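These are the residues of each chain, in order.
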Amino acid sequence: EEKSKLLSKCIISLQDSNLEADQAKTIAGIALRVGEELEKLSTWIQSPTNALSIANLLAEVGHPDKAFERAKKIMGKSPGFPDAVFLATKLAVHTKDRDSALLISRKLAKLSSRRNQIGIEAVRHLTLLNLLQPLSESALLKCVELLRSNSSSKPIDFLRVYALLYSKNEDQGFRNETIKKCASLFNLNDRNELLIFSNWLGRLGAFEHLAYFIPASQAKVDEELFKLRMSALAQLGDLERIGQELNDAPIIPLLWRLVVEARSLSLGGRYDESRKTIDRLLPLVDEDPRKVRAVCYY
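Keep in mind the model is a prediction, meaning the values are calculated, not measured.

Peer 1: What is the right way to look at the packing of helix α4 (residues 48-60) against helix α6 (residues 82-95) in this model?
Peer 2: Packed helix pairs are specified by the crossing angle of their axes together with the interaxial distance, meaning the distance between the axes. Their axes nearest at 11 Å, the elements α4 and α6 cross at an angle of 20 degrees. Our classification of the angle between α4 and α6 gives roughly parallel. By crossing handedness, the relation of α4 to α6 is classed as left-handed. Here Leu52, Ala55, Asn56 and Ala59 of α4 come into contact with α6, specifically with Asp83, Ala84, Leu87 and Leu91. Counted by class, the contact of α4 with α6 contains six nonpolar, one polar and one charged residues.

Next comes the structure, spelled out in structure tokens:
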């Protein structure tokens, strides 16, 4: 029992992205040794939950192929155990195993009809499997129906499916209607909900809609909304409006106003002026790695 607890703690620790390399190596060594001892106990390894923990461990320590084989074995022995299907989905996508995609998609489709959190997870994993085996438009619409009939679904679950529908159908009328449906899922008067929806629009590349849903009046007083709106206007090539709105946004930190100004000048071919703006920007970054990353990413 103590070894089982230790194994679980090791796996959780290995999933920490802030873990240093030498710590990860030590924890992985402990986990593999404990896992090997536990596997020898037939009563322990017969439990699908315990067997799956070994598969998870193998995935965490860099053996996705071995982990995938374990997950498939558990699926065969315990067909009613959804966690094995979910892990197999992630590993199939990671290892690009298209041969297993059809089998996994069938199991996910069956699980997706459950009107609880498992059904939601199944739909989420179906959208992940789309990277390996693209879902048809009819299959995606079926996913929307399943989400609507499931009280556990959240707006973000609909956004995943609608994003795939948007990218699959290039008809502008269909795309506009899709964005309209997604907008109705949110209270866009709530800043946090507007931010979630706006980030989704940005990932879609729906920049005209992004500029519409984030009005200049809101962007000039909110740093995150300002960055999103300015990015949309830059993608649309509306440099004149960027210039006007920069002058109307004194509340926005100078760092981000200079970033947008430098980008706008560069897009307009005014490279010397853009360089001068960047020279003004550099002291504000002040060797802060977080600011450097944020500016470069933007």
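Peer 1: Before we go on, may I ask you to explain the state of the cysteines in this structure?
Peer 2: In protein chemistry, a disulfide is the covalent bond that joins the sulfur atoms of two cysteines. Under the definition given, this model contains zero disulfides. For Cys143, which is in no disulfide, the shortest distance to another cysteine sulfur is to Cys182 and amounts to 14 Å. Cys143 sits in the buried class, given a relative accessible area of 3%.

Peer 1: Looking at this structure, how should I read helix α5 (residues 64-77)?
Peer 2: What sets the pattern is the α-helix's 3.6 residues per turn: residues three or four places apart point alike. In this model, α5 (14 residues) spans 20 Å end to end at C-alpha, consistent with the 20 Å of a helix rising 1.5 Å per residue. The elements touched by buried residues of α5 are α4, α6 and α7 (101-112).

Peer 1: Honestly, the environment of Arg191 in this entry has me stumped. Any pointers?
Peer 2: Tracing the chain through its elements places Arg191 in helix α12 (residues 191-204). Here Arg191 falls in the partly exposed class, since its relative accessible area comes to 34%. Residues contacting Arg191, with those up to four places away along its chain left out, are Asp222, Glu224 and Leu225. Only 2.7 Å separates the side chain of Arg191 from the side chain of Asp222, close enough to count as a polar contact.

Peer 1: What should I look at first to understand the pattern of salt bridges in this one?
Peer 2: Proximity of charged atoms lets side chains of opposite charge pair with each other. A full pass over the atoms with the stated rule returns 16 salt bridges. Here Glu37 and Lys3 are joined by a salt bridge, their closest N and O atoms 2.9 Å apart. Here Glu37 is found in helix α2 (residues 21-39), whereas its partner Lys3 is found in helix α1 (residues 2-14), with 34 residues between them in sequence. Accessibility expressed as a relative area gives 32% for Glu37, which makes it partly exposed. Through salt bridges that share partners, Glu121, Arg124, Asp157 and Arg160 make up one connected network.

Peer 1: What am I meant to see in helix α9 (residues 137-148) here?
Peer 2: With 12 residues, α9 ought to run about 16 Å at 1.5 Å a step, and its terminal C-alpha atoms sit 17 Å apart, in line with that. Among the residues of α9, those classed as buried are Leu140, Cys143, Val144, Leu146 and Leu147. In a view along the axis of α9, the buried residues occupy a sector of 165 degrees, so they form one face of it. For α9, the exposed residues lying more than 90 degrees away from the buried face are Ser138 and Arg148. Where α9 is buried, its residues contact α7, α8 (117-129) and α10 (155-168).

About the thresholds
- Residues numbered from 1 in each chain as written.
- Predicted model: local features only at pLDDT ≥ 70, side-chain atom pairs only at ≥ 80, totals over all residues.
- Heavy atoms only, no water.
- Axes fitted to C-alpha atoms, helices over the stretch in contact; angles between N-to-C directions.
- Helix = DSSP H or I, 4+ residues; strand = E, 2+ residues; numbered from the N terminus.
- Parallel < 35°, antiparallel > 145°, perpendicular 65-115°, else oblique.
- Left-handed = near helix turned anticlockwise from the far one by under 90°.
- Contact = heavy atoms within 4.5 Å.
- Nonpolar A, V, L, I, M, F, W, Y, C, P; charged D, E, K, R; others polar.
- Disulfide = S-S within 2.5 Å.
- Buried < 20%, exposed > 50% of the residue type's maximum accessible area, 1.4 Å probe, protein only.
- Expected span 1.5 Å × (residues − 1).
- Polar contact = N/O pair within 3.5 Å; in protein donor to acceptor, adjacent residues only side chain to side chain.
- Salt bridge = Lys/Arg side-chain N within 4 Å of Asp/Glu carboxyl O.
- Arc of directions from axis to C-beta.

Keep in mind that these numbers describe shape and distance, not what the molecule does.
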